[in-house]
Amino acid sequence: MKRGLIAAFAGLVFGLGLIVSGMVFPAKVLGFLDLAGGWDPSLALVMAGAIAVGLPAFAWARWAKVKLPDSTRIDRRLVGGSLLFGIGWGLAGLCPGPALVVLGLGDAKALGFVAAMLAGMGLFELLERRARPR
Amino acid sequence: MSVDWHAFTPWPALAGGLLIGLGAALLIRFAGRIAGISGIVGGLLRPMAGDRAWRLAFLAGLLASPWVYALVAGMPRPRIDTGWSLLLVAGLLVGIGTRYGAGCTSGHGVCGLSRLSPRSAVATAVFMTAGFATVFVLRHLL
């Protein structure tokens with residue numbers, strides 16, 4: 001219960017950050033990704049701001065021995081997956097968090113994007129289960 | 001390369017970034033979980049996940065955020081200009097890519113870089129480069 005309330009509040013703050021920063025506007029994101037056009041460096045500062053707060057938070061987590069992702073493998077899955085994600089991000093200017101915020105407003109196109117994203121994630125689960133039957 | 005100084009919004013970008021970091025910090029500090037959106041959503045599709053509640057709660061907060069924002073300030077309506085077919089392809093690629101790559105802009109880009117993970121640094125470099133390349137092809141080659 002307590003964890004649920006905290007998670008909801010964290011999601012709210014995270015979403016407000018996506019709105020204030022401009023990440024929820026695909027045109028803004030694409031302006032950052034368009035290095036050869038008139039480049040909008042804003043998103044670099046979004047990253048800088050987020051990491052400025054994240055650094056001490058995760059330093060604490062390590063110190064407090066909170067369970068963190070322990071994989072250090074840099075393999076084809078990581079690189080190939082990130083490559084596909086980056087292409088999708090560049091096609092529409094949407095990554096998962098902002099897409100969900102825009103979906104929260106009841107936007108039909110955000111719904112289409114999120115449905116396709118869920119289909120992609122479901123496909124991953126199917127392929128994984130086929131590759132490694134339990 | 002030329003910078004579009006008109007479009008550059010340093011203060012909102014920085015302030016929004018701090019809030020994003022704060023959201024991630026709250027989740028790791030008080031719930032012991034990583035604020036990686038693709039991982040939070042993808043975990044709901046696992047058959048045996050016994051930890052649905054916090055995932056759904058986080059997503060509820062995320063979905064509600066524009067309405068809370070609208071209580072304080074005017075919430076401009078984000079416009080998705082990408083056409084339907086390309087949009088669906090984009091969503092599919094984002095879904096499958098973030099699961100194989102085990103993270104997206106938040107999980108690798110914010111949380112992973114914040115904990116100085118070389119794996120996340122590689123993932124972030126790859127998806128940023130792919131994003132730059134895709135926009136270059138779409139806007140300047142096609």
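Residues numbered from 1 in each chain as written. Chains lettered and ligands numbered in written order. Predicted model: local features only at pLDDT ≥ 70, side-chain atom pairs only at ≥ 80, totals over all residues.

### Some remarks on the overall build of chain B
Stage number 1. If you tally the helices and strands in chain B, you get six helices and one strand.
Stage number 2. Its helices and strands taken in sequence order, chain B reads β-α-α-α-α-α-α from the N to the C terminus.
Stage number 3. In terms of overall dimensions, chain B has C-alpha extents of about 45 × 40 × 35 Å along its principal axes.
Stage number 4. Counting only residues that meet the buried cut, chain B has 54% of its 142 residues in that class.
Stage number 5. The long-range share in chain B, meaning contacts at least 24 apart out of those at least 6 apart in sequence, stands at 40%. (Helix = DSSP H or I, 4+ residues; strand = E, 2+ residues; numbered from the N terminus. Buried ≥ 20, exposed ≤ 12 C-beta atoms within 10 Å, placed from the backbone. Contact = placed C-beta atoms within 7 Å.)

### Points about the overall build of chain A
Stage number 1. The helix and strand tally for chain A stands at six helices and one strand.
Stage number 2. N-terminal to C-terminal, the α/β element order of chain A is α-α-β-α-α-α-α.
Stage number 3. Considering only C-alpha atoms, chain A reaches an extent of 45 × 40 × 35 Å along its principal axes.
Stage number 4. Split into buried and exposed, the 134 residues of chain A put 54% on the buried side.
Stage number 5. For chain A, the proportion of contacts with a sequence separation of at least 24, taken over those separated by at least 6, is 39%.

### Concerning the interface of chain A and chain B
Stage number 1. Between chain A and chain B, the contact holds 104 residues from the first and 100 residues from the second.
Stage number 2. At the level of secondary structure, the elements contributing two or more residues to the side of chain A that touches chain B comprise helix 1 (2–21), helix 2 (26–33), strand 1 (38–39), helix 3 (42–63), helix 4 (76–92), helix 5 (96–104) and helix 6 (108–131) of chain A.
Stage number 3. Its residues assigned to classes, the side of chain A that touches chain B shows 69 nonpolar, 25 polar and ten charged.
Stage number 4. By the bridge criterion, two bridges tie strand 1 of chain A to strand 1 (residues 2–3) of chain B in an arrangement that is parallel. Across the sheet, A:Trp39 pairs through a bridge with B:Val3, a residue of strand 1 of chain B. (Nonpolar A, V, L, I, M, F, W, Y, C, P; charged D, E, K, R; others polar. Pairing = 2+ DSSP bridges.)

### A closer look at helix 1 of chain A
Stage number 1. If you check helix 1 of chain A, its first and last C-alpha atoms are 28 Å apart, about what 20 residues at 1.5 Å a residue would give, namely 28 Å.
Stage number 2. Downstream of helix 1 of chain A by a residue or two, A:Gly22 has a phi angle that is positive, lying close to 95 degrees. (Expected span 1.5 Å × (residues − 1).)

### As for helix 5 of chain A
Stage number 1. Burial of helix 5 of chain A is extensive: nine of the nine residues sit out of reach of the surface.
Stage number 2. For helix 5 of chain A, every residue scored as buried is listed here: A:Pro96, A:Gly97, A:Pro98, A:Ala99, A:Leu100, A:Val101, A:Val102, A:Leu103 and A:Gly104.
Stage number 3. The secondary structure elements touched by the buried residues of helix 5 of chain A are helix 1 and helix 6 of chain A together with helix 2 (37–43), helix 3 (52–72), helix 4 (84–100) and helix 5 (105–114) of chain B.
Stage number 4. A:Gly106 occupies a position one or two residues after helix 5 of chain A and carries a positive phi of about 85 degrees.

### With respect to unusual backbone geometry
What is expected of a backbone is that most residues other than glycine have negative phi and most peptide bonds are trans.
Stage number 1. Phi is positive for A:Lys65, close to 60 degrees, though the residue is something other than glycine.
Stage number 2. When you line up the elements, A:Lys65 lands in the loop between helix 3 and helix 4.
Stage number 3. Positive phi is not limited to glycine here, since B:Ala102 has a value of about 60 degrees.
Stage number 4. For B:Ala102, the location among the structural elements is in the loop between helix 4 and helix 5.

### So, the UniProt feature "transmembrane region" (unreviewed entry) in chain B
All names here are of chain B.
Stage number 1. What UniProt calls "transmembrane region" (unreviewed entry) maps, in this numbering, to residues 12–32, 53–72, 84–102 and 122–141.
Stage number 2. Annotation note: span residues 12–32, helix share 95%, strand share 0%, distance between end C-alpha atoms 28 Å.
Stage number 3. Helix makes up 100% of residues 122–141 and strand 0%, and the two end C-alpha atoms of the span are 27 Å apart. (UniProt positions renumbered as here; feature names shortened; annotations may be inferred.)

### Examining the nonpolar core
Stage number 1. Grouped together as the largest cluster of nonpolar side chains are 89 residues, with contacts concentrated most on A:Ala10, A:Ala99, A:Phe113 and B:Ala24.
Stage number 2. Among the elements that line this core, the one with the most residues is helix 1 (residues 10–31) of chain B, at eleven residues.
Stage number 3. Setting aside residues up to four positions removed in sequence, B:Ala24 forms contacts with A:Phe14, A:Ala50, A:Gly54, A:Ala57, B:Ala35, B:Val110 and B:Cys111. (Core = buried A, V, L, I, M, F, W, Y, C linked by C-beta atoms within 7 Å.)

### Focus: the confidence of the model for chain B
Residue and element names in this part refer to chain B.
Stage number 1. Looking at chain B as a whole, its pLDDT mean stands at 95, while 99% of the residues score no less than 70.
Stage number 2. Mean pLDDT values over the elements of chain B span from 92, in strand 1, up to 98, in helix 4.
Stage number 3. Two numbers describe this predicted complex: its pTM, 0.96, and its ipTM, 0.96. (pLDDT = per-residue confidence, 0-100.)

### Concerning the packing of helix 1 of chain A against helix 5 of chain A
Residue and element names in this part refer to chain A.
Stage number 1. The interhelical angle for the contact between helix 1 and helix 5, taken along N-to-C directions, is 95 degrees, at an axis separation of 10 Å. Accordingly, the angle class assigned to the pair helix 1 and helix 5 is roughly perpendicular. Together, Phe14, Gly15, Leu18 and Ile19 of helix 1 and Gly97, Pro98 and Val101 of helix 5 make up the contact between the two elements.
Stage number 2. In the contact of helix 1 with helix 5, the residues fall into five nonpolar, two polar and no charged. (Axes fitted to C-alpha atoms, helices over the stretch in contact; angles between N-to-C directions. Parallel < 35°, antiparallel > 145°, perpendicular 65-115°, else oblique.)

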